[in-house]
Amino acid sequence: QVQLVESGGGLVQAGGSLRLSCTASGRTFTKNAMAWFRQAPGKEREFVAAVTWSGGTTDSAGSVKGRFTISRDNAKNTVYLQMNSLKPEDAAVYSCAARSGVLVSTRYYEYVYWGQGTQVTVSS
């Protein structure tokens, strides 16, 4: 059984930082692109960032460029999202996802496996 488990969410003041982790179990994801999405109450799910299986190529949403960094450690089966200079509008439930392909994608429906999500709250 495949599981993606996120951690690292919490409450932070605006301007602060958090690092989210997503650890996969049940199978290895060295050949799969992985991504982070987020969803705030009353809003649609939004692409945040994605990384190829090698870690050599990443993509991120314009709203987080320069502030968020996605990376992965295949030896640990873990993907990270380093979030700096957080803003109140970054508050959401952040979920990691894995797709069957090796290339990054911004489309949530191309991702097959999903974690349960971790809450990020940013106070102003």
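Notes on the structure follow. In this text, all values refer to a predicted model and were calculated from it rather than measured experimentally. (Residues numbered from 1 in each chain as written. Predicted model: local features only at pLDDT ≥ 70, side-chain atom pairs only at ≥ 80, totals over all residues. Heavy atoms only, no water.)

**Observations concerning the overall build of the chain**
Note the cut-off: The way it works is that DSSP assigns letters per residue, a run of H or I at least four long becomes a helix, a run of E at least two long becomes a strand, and they are numbered from the N terminus. Only C-alpha atoms enter the radius of gyration; for comparison, a globular chain is expected to reach 2.2 Å times N to the power 0.38, where N is the number of residues. All accessible areas in this document rest on Shrake-Rupley with a 1.4 Å probe, and a residue is counted as covered only by the protein chains that are shown. Under the convention used here, Asp and Glu are negative, Lys and Arg are positive, and both His and the chain ends fall outside the count. In this description, the location of a charge corresponds to atom NZ of lysine, CZ of arginine, CG of aspartate or CD of glutamate.
In terms of helices and strands, the chain carries zero helices and eleven strands. Walking the chain from its N terminus toward its C terminus, one meets helices and strands in the order β-β-β-β-β-β-β-β-β-β-β. Here the C-alpha atoms of the chain give a radius of gyration of 13 Å, agreeing with the 14 Å that 2.2 N^0.38 yields for 124 residues. Dimensions of the chain, computed from C-alpha atoms along their principal axes, come out at roughly 40 × 25 × 25 Å. A total of about 6,300 Å² of accessible surface is found on the chain, and carbon and sulfur atoms cover 47% of it. For the chain, the distance from the average site of its 13 positive side-chain charges to the average site of its 8 negative ones is 5 Å.

**Description of the state of the cysteines**
The condition that has to hold: Two cysteine sulfur atoms make up a disulfide if the distance between them is within 2.5 Å. Think of it in three bands: with a 1.4 Å probe and only protein chains considered, a residue is buried below 20% of the maximum accessible area for its type, exposed above 50%, and partly exposed in between.
Enumeration according to the criterion identifies one disulfide in this entry. Between the sulfur atoms of Cys 22 and its disulfide mate Cys 96 the distance is 1.9 Å. Linking Cys 22 and Cys 96, the disulfide has an S-S dihedral of approximately 45 degrees and is accordingly described as right-handed. Taken together, the residues span a long stretch of sequence, with Cys 22 in strand S3 (residues 18-25) and Cys 96 in strand S9 (residues 92-99) at a distance of 74 residues. The same class applies to Cys 22 as to Cys 96, namely buried.

**Observations concerning the side chain of Ser 21**
Here is the rule: By the convention used here, residues are in contact when the closest approach between their heavy atoms is within 4.5 Å.
Structurally, Ser 21 is set in strand S3. In this view, Ser 21 contacts Val 5, Glu 6, Ser 7, Trp 36, Thr 78, Val 79 and Tyr 80; residues no more than four positions away in its chain are not counted.

**Digging into the pairing of strand S7 (residues 68-73)**
Selection rule: Should DSSP find at least two bridges between two strands, the strands are taken to pair.
By the alternation rule, side chains of S7 split into Phe 68, Ile 70 and Arg 72, which are all buried, and Thr 69, Ser 71 and Asp 73, of which none is buried. Hairpin remark: S7 followed by strand S8 (residues 78-83), antiparallel, with four residues in the connecting loop; positive phi at Asn 77, about 55 degrees.

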